[in-house]
Amino acid sequence: MPLYSVIIEGKNFPARLFKDTVGTLGFFTTRFVEAVDEKAAELAAVELIKQELEPLLGERRDEETNALMSLDQIREVKELPETAPGFGFTWFGMGS
């Protein structure tokens, strides 16, 4: 089965993920997944990210905006790079 590098961008995530931070945050993250095609790879990567974020976010609060994830980049790779990330996010502020 093909191996894909999938970069996902997140927007409008609650800043409560970090102590003493207000507003909303965005992120970029990369996941490497095996899948039959690009669409299946995107869905698999998003599911991995949701599982990682769920314990951090808990229940959605009424005052929070809708958080979104979208595909930034996808490409088929021959093999998993030695330094391939398996988890984590690069966060950025989106304003208040």
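Preceding block: the structure.
Along each chain, residues carry numbers from 1 onward, in the same order as the chain's sequence is written. Reporting in this predicted model follows two pLDDT cut-offs: at least 70 for local features of residues, and 80 or more for side-chain atom pairs to be given and counted; totals over whole chains, interfaces and linings ignore these cut-offs and use all residues. Calculation of side-chain values draws on the structure's entire complement of heavy atoms; hydrogens and water are dropped beforehand.

## Observations concerning the packing of aromatic side chains
Turning to step 1, where the next piece is worked out: By convention, a stacked pair of Phe, Tyr or Trp rings (six-membered ring in the case of Trp) has centres within 6.5 Å and planes under 30 degrees apart, an edge-to-face pair has planes over 60 apart, and any other such pair is tilted. Tallied over the entire structure, the rule returns 6 aromatic pairs.
Turning to step 2, where the next piece is worked out: Relative to W91, the ring of F89 lies with its centre 5.4 Å away and its plane at 40 degrees, an arrangement referred to as tilted.
Turning to step 3, where the next piece is worked out: Burial classes follow relative accessibility: with a 1.4 Å probe on protein chains only, a residue under 20% of its type's maximum area counts as buried, one over 50% as exposed, and anything between as partly exposed. On the accessibility criterion, F89 (18% relative accessible area) is buried.
Turning to step 4, where the next piece is worked out: Geometry around F89 places R31 over its ring, the cationic atom sitting 5.4 Å from the centre. Two conditions define a charge sitting above a ring: the NZ of Lys or the CZ of Arg must be within 6 Å of the ring centre, and it must be within 35 degrees of the ring normal.

## Concerning the nonpolar core
Inside soluble globular proteins, nonpolar side chains tend to come together where they are buried.
Turning to step 1, where the next piece is worked out: Side-chain atoms within 4.5 Å are what join buried Ala, Val, Leu, Ile, Met, Phe, Trp, Tyr and Cys residues into a set we call a nonpolar core. Membership of the largest hydrophobic core comes to 16 residues, with the highest contact counts inside it found for Y4, V6, I8, F27, A41, I49 and L53.
Turning to step 2, where the next piece is worked out: Where helices and strands are cited, they refer to DSSP runs of H or I of at least four residues and of E of at least two residues respectively, numbered from the N terminus. Going through the elements one at a time, β1 (3–14), β2 (24–34) and α1 (38–57) are the ones with two or more residues in this core.
Turning to step 3, where the next piece is worked out: A per-element tally of this core places α1 first, with 6 residues.
Turning to step 4, where the next piece is worked out: What L53 contacts, discounting residues up to four positions off in sequence, is F13, F27, F89 and W91. Throughout, a residue-residue contact means that at least one pair of heavy atoms, one from each residue, lies within 4.5 Å.

## A closer look at the pattern of salt bridges
Turning to step 1, where the next piece is worked out: By salt bridge we mean one thing: a side-chain nitrogen of Lys or Arg within 4 Å of a carboxyl oxygen of Asp or Glu. Tallied over the entire structure, the rule returns 2 salt bridges.
Turning to step 2, where the next piece is worked out: Linking E52 and R31 is a salt bridge whose minimum nitrogen-to-oxygen distance equals 2.6 Å. Placement of E52 in helix α1 and of R31 in strand β2 is noted, with a sequence separation of 21 residues between them.
Turning to step 3, where the next piece is worked out: Across the pair E42 and K39 runs a salt bridge whose closest N-O atoms are separated by 3.6 Å. Highlighted residues: E42 and K39, both in helix α1, separated by 3 residues, approximately one helical turn.

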